Amino acid sequence: MVDEWTVLPGDEALRRAGANAAVVEAGPVTYARGDAAFVLIVDAGDRPGGSMVDSRTGIELSGPFPGPVPDWLHRFDLPWLGFARLPEGCVPLGEVHSRGGIRYDLVLEQPLSFAVLDRIRPAAVQPVPDVDWLTDLPRDRTAALRRFLTGWYADVPEQEAEPVRSAVPLPEPLLAFYELAARRPVIYGTHNRVDPPGALYYDDWGRVPFAAENQSVWGRSFDPGEDDPRVWGDGLPDRERLSGFLLQFALTEAVFEAPYAGHAELSEEQRDRFVRKLTPVPLAPAPIPEEPTRIFVAPGLVAITFPFEGTQLSIASRQRAALREFRDPGFTWDAFNG
């Protein structure tokens, strides 16, 4: 584990590339390749979606990659050395290894301590959304949906919205969802998706398909003509009507799209001990991502547990500080960038 605070002058980090080094500056990353190593120097800071030291165990690189950099990222004849650049110099991160992909996912050979990570990627102090929307659930799930989505995505700038138009009459819960998604399109989903209003139609059974899994593993439709209609999938009705399903969808998508998250496979006893710290959402178990998925919340945080080749736990937030108390939960995270 890298837990010792060592700072090198910037030119010393570049010299680790060896003789005849070519150097390319690309936004927050400096790349250098010489006779001895391929060196990557990443500016300190928290840039979700951009290039940064993403976690104790990894670096994310986001393009564009200029000049010879794409070629360098596909060559493995030299060791790759990572550094984080602060005003006072460069912090050695040790050897890194590539997992490739559209956004290059680099793995640190030695994980960082949280103390070192917090210096390299300091967490901004931000207000976290409360969970007062839970009080609306017994009487008005559409109101709870509005309040959850408005609070969770408060940091996402609103855009000018066109009026919601659909060839299909819209039940109140779906209209409320669309009115919010028109101003913040992320609400439609980044993993799974609710179809936009202009895409709605009647299927051969007289129902309206409106949501689908990203690889079409599942789809959902509703019975038109009711204020809060039944939702159908695979020929069977869901436990929750449309207002409940949309809230389940919004909560699970909040986990999938959040910039700060953790995931672990754990025992049922570990799961039960972990979720005692959280508030269960009083809805029926959700059918997504797996049946049955149970949903828990805390201020600024959503967690889901579900069966898939064991017991899975995913936890996420849009504010990294909200995950700090879960860094050492009594089990080992498979992935955690809080």
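Use the structure listed above.
Notes on the structure follow. (Residues numbered from 1 in each chain as written. Predicted model: local features only at pLDDT ≥ 70, side-chain atom pairs only at ≥ 80, totals over all residues. Heavy atoms only, no water.)

Another aspect to go through is the pairing of strand 17 (residues 301-307). The buried count for strand 17 comes to six of seven residues, which makes it a mostly enclosed element. The hairpin turn running from strand 16 (residues 294-298) into strand 17, its antiparallel successor, is two residues long, and Gly300 in that turn takes a positive phi close to 75 degrees. Pairing geometry for strand 17 and strand 18 (residues 311-317), over six bridges, is antiparallel. Bridge pairing links Val302 to Ala316 in strand 18. (Buried < 20%, exposed > 50% of the residue type's maximum accessible area, 1.4 Å probe, protein only. Helix = DSSP H or I, 4+ residues; strand = E, 2+ residues; numbered from the N terminus. Pairing = 2+ DSSP bridges.)

Let us look at the sheet that holds strand 3 (residues 38-43). Taking strand neighbours across the sheet as the criterion, the eight strands line up as 1-2-3-6-7-8-5-4 in an open arrangement whose pairing is mixed. Taken across any chain shown, the strands that pair with only one partner, and hence form the sheet edges, are strand 1 (22-26) and strand 4 (52-53). Looking at chain direction, strand 2 (residues 29-33) and strand 3 are connected through five bridges and run antiparallel. Its bridge partner lying in strand 3, Tyr31 is registered against Leu40.

It is worth spelling out the layout of surface pockets at this point. Quantified by volume, the largest pocket comes out at close to 570 Å³. In terms of lining, the largest pocket is formed by 26 residues, of which the most central are Thr57, Asp334, Ala335, Phe336 and Asn337. Only strand 5 (58-61), strand 8 (104-108), strand 14 (260-266) and strand 19 (335-336) provide two or more residues apiece to the lining of the largest pocket. A breakdown of the residues in the lining of the largest pocket according to their chemical character gives eleven nonpolar, seven polar and eight charged. In this structure, the second largest pocket spans a volume of roughly 420 Å³. As for the second largest pocket, its lining consists of 17 residues, of which His191, Phe256, Pro289, Phe306 and Ser314 are closest to the centre. Considering every element that reaches the lining of the second largest pocket, the biggest residue donor is strand 14, with three residues. Residues belonging to the lining of the second largest pocket are distributed by class as follows: eight nonpolar, seven polar and two charged. (1 Å grid on protein atoms, 1.4 Å probe; cavity = no way out; pocket = protein on both sides within 12 Å on 5 of 7 lines; lining within 4 Å. Points joined across faces, edges and corners; volume = space filled by probe spheres on them. Nonpolar A, V, L, I, M, F, W, Y, C, P; charged D, E, K, R; others polar.)

None of the figures reported here should be taken as evidence of function without further support.
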